[in-house]
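Now for the letters of each chain:
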Amino acid sequence: MEKKYKIPRQNKVESSKILSKPRIFFGVLFVISSFVLTLSFISYLMKWKADQSQAGTMLDKTIKSDNIFGKIGDWLGNFFIFDSIGIAAFIVAFLCLVTGFLILKKHYFKPWKTFGHSLFFICWLPIFMGAITGGTGVLSGVYGYQIMDLLNSIIGTFGLWMVLLVSIGLYFILEFNLNPSNVKSKLNDLNDNTIGRVRGLMPNSEEKFEADEELENEENKDLAVKDLESAPLHLHVTSDIEPIKTPNQTSFSSNPVKLETNSAEDNIKFEVEVAKEELDEFDKKANELVQKHGEYDHRLELAKFQMPTIDLLKDYGPEEIHVNQEELEENKNKIVGLLKNFNVGIAEIKATIGPTVTLYEIVPEAGIRVSAVKKLQDDIALNLSALGIRIIAPMPGKGTIGIEVPRKNPTMVSMRSVISSAKFQNTDMDLPVVFGKTISNEVFMADLAKMPHLLMAGATGQGKSVGINAILTSLLFKKHPSELKFVMVDPKKVELSLYSKIERHYLAKLPDGEDAIITDTHKVINTLNSLCIEMDQRYDLLKNAFCKNLKEYNKKFSQRKLNPENGHRYLPYIVLVVDEFADLIMTAGKEVEQPIARLAQLARAVGIHLIVATQRPSVNVITGMIKANFPARAAFRVISSVDSRTILDSPGADQLIGKGDMLYFNGNEILRLQCAFVDTPEVERLADFIGEQKGFASAFMLPEYSSDETTSTVGAFDPNEKDPLFEDAARIVVSTQQGSTSMLQRQLKLGYNRAGRIMDQLESCGIVGGFNGAKAREVQISDLRSLDNFLEELKK
């Protein structure tokens, strides 16, 4: 009978560690060869010219070599460095060392990874050294020089360097996984580890107290340790746990986690069950649709639309602020001297230089009243011989008094500089609006979605129209055509006409409107009332979707939780821009004021925002009802302090110097800004760039609105005057149960006038009801079978 013996595991481990003599011999041989090659290469590089002249004299005893290993060292250096791969020969020596360690089973390096990196640098390093040295010397070797010379003749010097830099860049990216998120996480881990080590080396008072306790109760602890060793703790966690992800990305475990503690005396089981969140059928169906088709992409219709580039804006060169030390010192001495003459002591003064003005912050001495400084505004302006002196007493959030003094040589703030800033490019605002720069030369931005409406005022030629263009430009640079629509009202007919080229991309208009940019006062009234209808319809959609604002609604729609068959659709932001509000008030009065006030009160939550500008901010133009709903206001230079109080509720706008100098009030504090300058050719290039691209079939259509004057009683139906598309229109209306003229336009591809006549015929014969204001007409026939019977009787 054959017996089998099992070798004990310990003996197996010991036997595996025993190396054979050939393995030791070859391993040590490779290690020694590595050191010989390294020293030979170093000695050859130090005296390569003399050794090169002795090449081929290996057996000549009369010639002596200066290499540390004699003529063998010369031959090795000449073969590997001069005739081959230059200083990359040291990598060959390193590979010999790695091979020796592998034979000796010393796994200091990962073999395949090491050989792969070495082969890359053996190929790359000689060409790189050849490009640097131009082939002179021995650093590149014959291989590096010839390959470099070949590439240089084919792709030129610039192409050669591009190949070298791109190859080494790709190597480091692929090897070390260099992307911003990984680099940041590695730095954070390194920082946390460093802090942890430092904390570990610094014992606190609690640790000292515990150490003393251990010394006092050493015997008791030894007994406790022995007892614990006799009762081990076993931790069992079920491995078949599948995480469930809910719509809000909260993960739950489908199986309970079991913790078992076993001791010698008792066996106690401890179970923790995590409750599961059950999804209803509607959410499950939405998740299935998202998994099958992905989330709804509102940009899909214009998927190839390219956002404007910064090259469309003019580059005015560097906009560095040059500090004029003499001007600063002169103004400082004048301010201090004047206040001293009026017995106003100053403890400290500081200057902050901006693009247009310099802010001098003074700290008055104890016992000085703030009003004593405010009363000296005219005296300070007289002493400094400057316009636009504004005193801020006290400065919000600071214990200082501010004196704003215009600079003699102001710096222009271009639109290109603020659009290209990192603050604008990396913003996560819904409707980012960049105005310009503050006194501290920082880019100032605001979110129109949170303003939520903006009121602008300023005299003629003070930069108001440029400010409107700056707002529109910043929005066009950030928002896709499917996300934003403009309703532009331009009574002056020339300020906003440049944007007519982007009608099919960004503009909205009435169904019967010819021009998207509205200039007729009567059409303005209809448009404002149409926006009110759009607002009401959006509120109905938000109510049915159980959402509070537009952002939540669009997110829910993108996640396919809202059915388009129920009227739900992706809702873009709508921005109403009125360039000259005073003219509308003069010609239309209450008919314009009431819808404007209603939109300002309610339209914020449904994504409709207003930008209203006027030259004359008098009380009869900007009434209290309008001002109450416009918390954000921008004031350019106005004529009198009364106008400033009308727009800002405080003076200061009359002290501005013009040319884009403005005050911005957001409900909390007033900021002085220098508005960014965007010229007409820049706006034209931007409009041309957008207009040349593929757009929607037409402008965004607002709901139809008919005023009381335009509605009339429909006459009797005459079968002889029936439109050829009457029956098709009737079937569309009955099948959809929606009597809408705009729907007939889209379905039958008709103009507004013909669709309106068909709707009147449908009303006269009793298929649809009368005009119902903001809502669609009521359909009197319930199904298509009843309609066919009705049409047959109508023909008889």
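So, a few notes on the structure that sits alongside this text. All of these numbers come straight from a predicted model, not from anything done at the bench. (Residues numbered from 1 in each chain as written. Predicted model: local features only at pLDDT ≥ 70, side-chain atom pairs only at ≥ 80, totals over all residues. Heavy atoms only, no water.)

## Regarding the packing of aromatic side chains
Moving on, step 1. Taken as a whole, this structure holds 11 aromatic pairs when the rule is applied.
Moving on, step 2. Arranged with centres 5.2 Å apart and planes meeting at 80°, the rings of F25 and F26 form a pair that is edge-to-face.
Moving on, step 3. A relative accessible area of 42% places F26 in the partly exposed class.
Moving on, step 4. Note on F121 and W124: the rings are 6.3 Å apart at their centroids and 90° apart in plane angle, and the pair reads as edge-to-face. On the criterion of helical spacing, the pair formed by F121 and W124 is a turn pair, its members being three residues apart in helix α6 (residues 111-133).
Moving on, step 5. Assessed through its relative accessible area of 12%, W124 is described here as buried.
Moving on, step 6. Feature note: the residues F120, F121, W124, F128 and W161 constitute an aromatic cluster, connected by ring pairs. (Phe/Tyr/Trp six-rings, centres within 6.5 Å; stacked < 30°, edge-to-face > 60°. Buried < 20%, exposed > 50% of the residue type's maximum accessible area, 1.4 Å probe, protein only. Helix = DSSP H or I, 4+ residues; strand = E, 2+ residues; numbered from the N terminus.)

## So, the environment of D74
Moving on, step 1. Along the chain, D74 falls in helix α4 (residues 70-85).
Moving on, step 2. Given the relative accessible area of 8%, D74 is considered buried.

## What to know about the sheet that holds strand β15 (residues 608-614)
Moving on, step 1. A sheet is described by the order of its strands in space; here nine strands give the open sequence β10-β9-β18-β17-β16-β11-β15-β14-β12, paired in mixed fashion. The open sheet has two edge strands, β10 (443-447) and β12 (484-489), and neither has a second partner. The average angle at which neighbouring strand axes cross in this sheet is 30°, direction not considered.
Moving on, step 2. Where helix α19 (residues 521-545) meets the sheet, its contacts fall on β12, β14 (573-578) and β15, and the angle it forms with β14 comes to roughly 155°. (Pairing = 2+ DSSP bridges. Axes fitted to C-alpha atoms, helices over the stretch in contact; angles between N-to-C directions. Contact = heavy atoms within 4.5 Å.)

## Describing the side chain of S474
Moving on, step 1. Following the sequence through the fold, S474 ends up in helix α17 (residues 464-478).
Moving on, step 2. Relative accessible area serves as the criterion here: at 0%, S474 is assigned to the buried category.
Moving on, step 3. A distance of 2.7 Å separates the side chain of S474 from the backbone oxygen of I471, its partner in a polar contact.
Moving on, step 4. Here S474 is in contact with M415, I419, F424, P432, V433 and V434, once residues within four sequence places are set aside. (Polar contact = N/O pair within 3.5 Å; in protein donor to acceptor, adjacent residues only side chain to side chain.)

## Side note on a nonpolar patch on the surface
Moving on, step 1. A cluster of nonpolar side chains, namely F158, M162, V166, L170, I173 and L174, defines an oily patch on the protein surface of about 640 Å² accessible area.
Moving on, step 2. Turning to its location among the elements, M162 is positioned in helix α7 (residues 141-176).
Moving on, step 3. Taking the relative accessible area as the measure of exposure, M162 reaches 39% and is therefore partly exposed. (Patch = residues over 30% accessible without salt bridge, like charges linked within 9 Å, V, L, I, M, F, W, Y side chains within 5 Å. Areas by Shrake-Rupley, 256 points an atom, 1.4 Å probe, with all protein chains shown as cover. Salt bridge = Lys/Arg side-chain N within 4 Å of Asp/Glu carboxyl O.)

## Structural notes on the side chain of R407
Moving on, step 1. One can find R407 in the loop between β8 (401-406) and α15 (415-419).
Moving on, step 2. At 5.6 Å, E327 is the nearest oppositely charged side chain to R407, a buried residue that forms no salt bridge.
Moving on, step 3. Polar contacts involving the side chain of R407 include one to the main-chain carbonyl oxygen of G354, which spans 3.0 Å.
Moving on, step 4. Within the structure, R407 has its side chain in polar contact with the backbone oxygen of N409 (distance 3.3 Å).
Moving on, step 5. Excluding anything up to four places from it in sequence, R407 contacts I321, H322, E327, I353, G354, P355, T356, V357 and T358. (Lys, Arg positive; Asp, Glu negative; His and termini not counted.)

## With respect to the nonpolar core
Moving on, step 1. Residues F435, L454, F486, L576 and Y664 are the most contacted members of the largest nonpolar core, which totals 113 residues.
Moving on, step 2. Broken down by element, this core gets its largest block of residues, nine residues, from α19.
Moving on, step 3. Apart from the residues lying within four places of it in its own chain, the contact partners of F435 are F444, A446, M451, L454, I471, M662, Y664, L673, Q674, C675 and A676.
Moving on, step 4. Among the nonpolar cores identified, the runner-up in size contains 26 residues, and L76, A88, A89 and I122 belong to it. (Core = buried A, V, L, I, M, F, W, Y, C linked by side-chain atoms within 4.5 Å.)

## Let's talk about the environment of L602
Moving on, step 1. Looking at the secondary structure, you find L602 in helix α22 (residues 590-602).
Moving on, step 2. Counting along the chain gives 67 residues from L602 to M535, while the straight-line C-alpha distance between them is 8.0 Å.
Moving on, step 3. Other than its neighbours up to four places away in sequence, L602 contacts M535 and Y539.

## What to know about the pattern of salt bridges
Moving on, step 1. One pass over the full model with this rule turns up 25 salt bridges.
Moving on, step 2. E361 is the partner of K350 in a salt bridge, and the nearest nitrogen-oxygen pair spans 4.0 Å. Linking K350 in strand β5 (residues 346-353) with E361 in strand β6 (residues 357-364), this pair joins segments that are 11 residues apart in sequence.
Moving on, step 3. For E361, a relative accessible area of 5% puts it in the buried group.
Moving on, step 4. One network of salt bridges, in which partners are shared, links R390, E404, D661 and R672.

## Quick notes on the pairing of β6
Consecutive residues of a regular strand have side chains that alternate between opposite faces of the sheet.
Moving on, step 1. A large share of β6 lies buried, amounting to six of its eight residues.
Moving on, step 2. Relative to β6, β5 is paired through seven bridges, and the arrangement is antiparallel. Bridge pairing links T352 to L359 in β6.
Moving on, step 3. Counting the residues that bridge the hairpin from β5 to β6 gives three residues.
Moving on, step 4. Note that β6 and β8 share six bridges and pair antiparallel. Looking at β8, one finds that E361 is bridged to G402.

## So, the sheet that holds strand β7 (residues 390-392)
Moving on, step 1. Overall, antiparallel pairing links the four strands, which are arranged β5-β6-β8-β7 in an open sheet. In this open sheet, the two edge strands, each paired with only one partner strand, are β5 and β7. Averaged over neighbouring strand pairs, the angle between their axes works out to 20° when direction is ignored.
Moving on, step 2. Lying over the sheet, helix α12 (residues 325-341) contacts β5, β6 and β8, oriented at roughly 40° with respect to β6.

## Side note on the pairing of β10
Moving on, step 1. For β10, a buried count of five out of five residues is recorded, marking the element as mostly surrounded by other parts of the structure.
Moving on, step 2. Side chains of β10 alternate between two faces, with V443, M445 and D447 and F444 and A446 buried alike.

## What to know about helix α28 (residues 752-764)
Moving on, step 1. Given a rise of 1.5 Å per residue, 13 residues ought to cover 18 Å, and the 18 Å separating the end C-alpha atoms of α28 matches this to within 8%.
Moving on, step 2. Y752, A755, G756, I758, M759, Q761 and L762 are the residues of α28 that are buried.
Moving on, step 3. Its buried side turned inward, α28 meets α26 (726-736) and α27 (741-748).
Moving on, step 4. Phi turns positive, to about 95°, at G766, one or two residues after α28. (Expected span 1.5 Å × (residues − 1).)

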